[in-house]
Each structure stands twice: as C-alpha cells, then as structure tokens.
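Examination of the molecular architecture
The primary structure of each chain is shown beneath.
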Amino acid sequence: MSGGLPRRIIKETQRLIAEPVPGIKAEPHEENARYFRVSIVGPRETPYCGGKFKLELFLPEEYPMAAPKVRFMTKIYHPNVDKLGRICLDILKDKWSPALQIRTVLLSIQALLSAPNPDDPLANDVAEQWKVDENKAIETAKEWTRTVCQRQIVHTSLSGLYKSLCARYQ
Amino acid sequence: MTETAEEFLDGDGKNGQPKAKRLKAIEDVGMTSSDNDDKDTIYGALVVLGYNGSLPDGDQLLKRRHRSSYVLQKKGSPSGVQPFKLHLASSNTGMQIVNSEAHSVSYTLSRGNAVVVEYSRDPTTDMFQIGRSADSKIDFVVMDTVPGNKRSDASQDTQKSTISRYSCRIIVDRTPPHTARVFAAGFDKSSNIFLGEKAPKWQNEENMMDGLTTNGVLLMNPKGGPSCQPIIWREISVCGNVYGLRKTRSITEKGKTVEGESNVLLDGSLIDLCGAVLLWRSAEALKEMETLDTIDQMREGLNASRPQCPVGLTTLRFPSQSEQPCSSVSSNAQPYVYLKCGHVHGLHSWNSPDKNVADKRTCPMCLQASSYVPLSLGREPAFYQGDAGATHAFVPCGHVSSEETVKFWQQVPIPHGCDAFQAICPFCAQPLEGEDGFVKLIFSNDE
C-alpha cells in the first residue's frame, strides 16, 4: 500500500478484505489505495435481484473528514441514481460523518436498492415513473437488470476467452 | 502536631503522590482494633473536595501540611481540650488565661466587654486543627479550592480567602469507637480563640457561652445517620452544638437550634469551611474503599478492552498518573467525549458544516451538538462510591468514575455563595451542568 496512507484507511481496507459484507465486494486498486472497485449483488425480492452492480469508490484527500465519492458503473434503473451513476444518498452529502466508513456507505447503498426513495429523486424521469406506475417501473428495473446482467456475462466470458487466447500465444 | 502524625506526613511527602502510599500504609498496618500499638490507630481521613488525589504544583513551602487529604492518627499524647470555666475578660484571671499557654475562647460582647472561657486538657481526646494558617497549631492546612484544579497560574490572593486561618477543630475520643466531632474555630498561636464583635454569640441554658465563626462551619451527611438527617446542612458552633443555617452565610443572627442532631462525624460527612469542603472517611471505610491500586487496575482493564476512536480508528488509552497526558506520544490516544451523548472519540477536527455553533461540536456518531472535552480518570479513592468503575463522566469537566459515584455526587448540594447550593465534581470542584450533571460513556471497540 502507498506510503502516507492514513492508518484509518489501512485498517478499513484490511477489515473489508478480512470480513467482507455479504453481497458486497470491495477491492482497492493495485496502484491507488484510495480507489476501490466495488460490486454489490442485487438484494433478493427487489427488481435488482440477479444483477451484480459495479461501482467505483474513491476516498478523497480529506477522507474521513469528507465523504467518499461513489458512483454506479453499471447502468441501473433506480429513482435515486442518475444516468451517470451518481447516487442521491444523504450520508454521501450533508449527512456525512467521519464515524461512517466504506463498509457503512456500501451497506447504505445496498439498502437503497431495497428501498428506492422516489420522493428524493436524482433521476427525475425514473422517479416520476415510480410514482405514476410503480409496477411498470419495477418491470423496467427488472428488465434493465436482466440486460445488464447478460451483457456482463458476455463481457466476462469474452474477456476470459481473450485472456486464455493471450496466454496461449504468449 | 505530634511526632507520629508528622512522620506519617513526611514519609510520603517526597514524590507528590501522597494518597497512594498513605492508603497502602493503612492497609499494611491493618488496624483492626485498639489492640494495635496506639500510634498506629487511625481515626479517619479528611479529603478536600476538588483535588484528584494530589495538589497541583506550587505551594512548595506549605507542601508538608497543605495537602489534598489528611489522615487523622492517634497522637503520642492526648491533645484534646474541653471547656472548663468562664471568666470575665476584664478580671485578673481572665487576662492571665488569655495571656497564658492555656487554651481559651474569648467572646467579645458589646463595647469591649468580653468573657473568657478557660479550656482544660482532656486526657481522653485528641484535637486536630484545620485552617488556612501555616503556623504549627494547624494540623491540616486548607486553602480555598479553585474549581477546575487550576491553581498553578493563580498567585492566589490570600486576602480574598474566605477560609478562616483557624477554621475548625476535630476532637476524637482516644478510646474506641474513636468518635470524632467537629467544632467551629481553632485555637491560634497563643492557644486562644477570639470571636469578633460581628460573630454571632450567646449564652446558652447551661450558662455557657457559645458562638459561630464569621463565615461559619457547616456539616452535612449525604446519607444521613443516627445523629443527622440526610442532605441537610447544619451549622456547627464553637461548642459543637447544631444549628440550622443562617438566612445568609455570615449574618449575625444564628439559625434555629436543632434538637436531636449532633456534631459527630459519620463516614461521608462533609464539612464546609466556606471556600473548601472536607469529606470525612471513617477508619472502617478507609479499609473497605477503593485504593489507588484498584483504580489503576480498573484503568488497565479499561485500556485492555481497546476502546477505539470511531473516526481515526486508533486505540484510545487512559494514561497512568505518572505519564500525564501532556506527552505528545499519548495525545493521539487521549480519549475525548461529547458531553451530550457520551460518545468517546480520540481528538479529531471534524465538525458538521451545517451545525456550526460556538463552543459546540457535532458528534460523528449521532450528530448531536455539544461540547467536546478530554476525559480524565477520577483517581481519588475517597470520592468513589462502591466499586471502581469508568462508565460515566461528570459534565462539564469530563472526570470519569462509576455510575454509583456520579449519581451520588450529582445529588449532593454543596454550599455556594451566601445562600445557594450546587452539585460539583468532587475531583475538580467544577459545578455540574446539564440535566443530570453526568453522562454515560459510550465506547467504540475494535469489532
């Protein structure tokens, strides 16, 4: 890990790896210990079930005095996540407290998947749909999850193929 | 002061940690009954409220007798006195007595008329004198207590002191059960007590003179006892009689006579000298109560549970008395608390941006705003109630103690000003604040 990394970040990272939260994976980047690749499994009994959502999490210089920056990389149909993957979650903004950790932030995002909050939207069109016709919104979310999921599978198998080909010709 | 008591004080006066050795000494001696060598008999101890086991630096000259606590030990020869005879001050005998070595109390009446009560030696008692004076007649030198233990900066003006130079005396029976009684006023260098013209004084039913000192000596036992009601402060006269409080502290009209109560000190009795409050712990209680060692064990147990700062994720620890928190190594580990919620943290700089109230900080754990102060352990064993514990802290000073201890002291009214009372932290004498005057500590641990 890079020198000068605060003890707190080291401890948090160690614990994330040693005791991962069920359904959540967070790994620091090899070259930047402040950058995490995160994946959250869509919780059961939600339209996101069956999906695996990739996020990126970055700890700014002021962390933990300032909140981590988190963004969905995977497309998701959710009233509190916009097209660019930005998340509307109070603890990432004005309700941030340094007593929160990467772990608690990711748990909160997992919980947000279980409990979309269309009254505090980021993606206005999605939120509108959620309010007007919740069933249809949920169907759309399921649909997106399926597509994304399949694309991921294809992507994973393609990259696997690519890797094995590379290995063969090296 | 007798040899034995002097030795006792000198013996532990070298390193500025009087309490540890003294209390150990009590245990080692194991004084159980009068069968022990007389000079080992301990009557009890007086501990000044507002000092956490030792005096702040300074006062080197007085260090030998000006301490935060004093153990009353049987004297080599009886030093008690008792009222003997009343004389007119103008009479020859009266004048002789005042000028002689004999103990006497002079009551100045109107226009220079005065009476002198001659005191005689009492072979059955020992007398201990307490006051601000540094002269040898005073066994236990007591200075005005500055709340918050911040004496070091203060060249405390003795002019401003409200404690009398010869404030009170305690007379203890030399035979078991060694009953101790408190009396107002002490005998001065020439063994006299002069009650000034402004001090209340009167002749009682037995034709004896009695009086109060100008600022008064008050007595109270928080738990009550066979000879006193709980929580109610009384005023004690020069002859040791019990009176209700005056309307305000130093007016000349004495309070009402109180029947059925006495000036006997019980374990836990508090003596208010108008500027300092003394806690009496009986010999039996001294044997039972916590010691510096048990409190230090508790401290180690607390540190062993590895409390964590939820922000820095650093391990916090309470320093021992010898490693005081000024060292920069330990400052990172110094525990701090938010006084409203009790969440314990290390020192950090975060504050909620939207709740920027002066002197207040937002707790990262619960987002409540309150002051944020360092915690320090209550180390004076005499102030603990029940077992040692570090679960609660006094507000606003952050002195850590057990639940029983904080709940006890927050309901003890300590005289304040002319006619008011307030609860204080016994470890630093700061008036308690907030609804309860204490907070339950919430530690975060390394999960």
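Residues numbered from 1 in each chain as written. Chains lettered and ligands numbered in written order. Predicted model: local features only at pLDDT ≥ 70, side-chain atom pairs only at ≥ 80, totals over all residues. Heavy atoms only, no water.

All names here are of chain B. The sheet built from seven strands is open, its strands ordered β2-β1-β17-β16-β13-β14-β15 with antiparallel pairing. Only two strands of the sheet have a single neighbouring strand rather than two, namely β2 (69-73) and β15 (242-243). Relative to β2, strand β1 (residues 42-48) is paired through five bridges, and the arrangement is antiparallel. Residue pairing for β2: V47 is matched across the bridge by S69. (Pairing = 2+ DSSP bridges. Helix = DSSP H or I, 4+ residues; strand = E, 2+ residues; numbered from the N terminus.)

What follows concerns the interface of chain A and chain B. Contacts between the two partners involve 13 residues from chain A and, on the opposite side, 15 residues from chain B. Taken together, the two surfaces of chain A and chain B that pack against each other cover about 1,200 Å², and 56% of this comes from carbon and sulfur. Counting across the interface, chain A meets chain B through four residue pairs in polar contact (both at pLDDT 80 or more). Across the side of chain A that touches chain B, the residue classes tally to five nonpolar, two polar and six charged. (Contact = heavy atoms within 4.5 Å. Buried area = accessible area lost by both parts, 1.4 Å probe. Polar contact = N/O pair within 3.5 Å; in protein donor to acceptor, adjacent residues only side chain to side chain. Nonpolar A, V, L, I, M, F, W, Y, C, P; charged D, E, K, R; others polar.)

Tallying each qualifying case throughout the model produces 18 aromatic pairs over all chains. Ring geometry for F383(B) and F427(B): centres 5.6 Å apart, planes at 70°, overall edge-to-face. One end of the pair, F383(B), is in the loop between β24 (376-377) and β25 (392-394); the other, F427(B), is in the loop between β28 (420-422) and β29 (438-440), with 44 residues separating them in the sequence. Of the two residues, F383(B) and F427(B), neither departs from the other in class, the shared state being buried. The rings of F383(B), Y384(B), F394(B), F408(B), W409(B) and F427(B) are connected pair by pair, giving a single aromatic cluster. Against the face of W144(A) rests K75(A), its NZ or CZ located 4.2 Å from the ring centre. It is K75(B) that lies over the ring of F128(B); its NZ or CZ is 4.6 Å from the centre. (Phe/Tyr/Trp six-rings, centres within 6.5 Å; stacked < 30°, edge-to-face > 60°. Buried < 20%, exposed > 50% of the residue type's maximum accessible area, 1.4 Å probe, protein only. Lys NZ or Arg CZ within 6 Å of the ring centre and 35° of its normal.)

Residue and element names in this part refer to chain B. With 50 residues, the main nonpolar core has L49, L270 and W409 as its most contacted residues. Only β1, β13 (217-220), β17 (277-282), α5 (292-304), β25, α7 (403-409) and β29 provide two or more residues apiece to this core. With near-sequence residues (within four places) excluded, L270 lies in contact with L49, L218, L219, M220, P222, W233, V277, L278, L279, W409, V412 and I414. If you look at the next biggest cluster of nonpolar residues, it comprises 45 residues, including L46, M127, V258 and L278. (Core = buried A, V, L, I, M, F, W, Y, C linked by side-chain atoms within 4.5 Å.)

All names here are of chain B. Chain-level pLDDT for chain B is 84 on average; 83% of the residues reach the 70-or-more range. Within the model, the stretch residues 151-159 combines pLDDT values under 50 with 11 contacts to residues more than four positions away or in other chains. Interface confidence for the predicted complex, given as ipTM, is 0.76, next to a pTM of 0.82. (pLDDT = per-residue confidence, 0-100.)

Residue and element names in this part refer to chain B. In space, the four strands of this open sheet follow the order β24-β26-β25-β29, with mixed pairing throughout. Unpaired on one side and paired on the other, β24 and β29 mark the two borders of the sheet. Relative to β29, β25 runs antiparallel, the two being bridged by three bridges. Of the residues in β29, the one forming a bridge with F394 is F438.

A few words now on the environment of R146(A). Relative to the helices and strands, R146(A) resides in helix α4 (residues 134-169). Given the relative accessible area of 43%, R146(A) is considered partly exposed.

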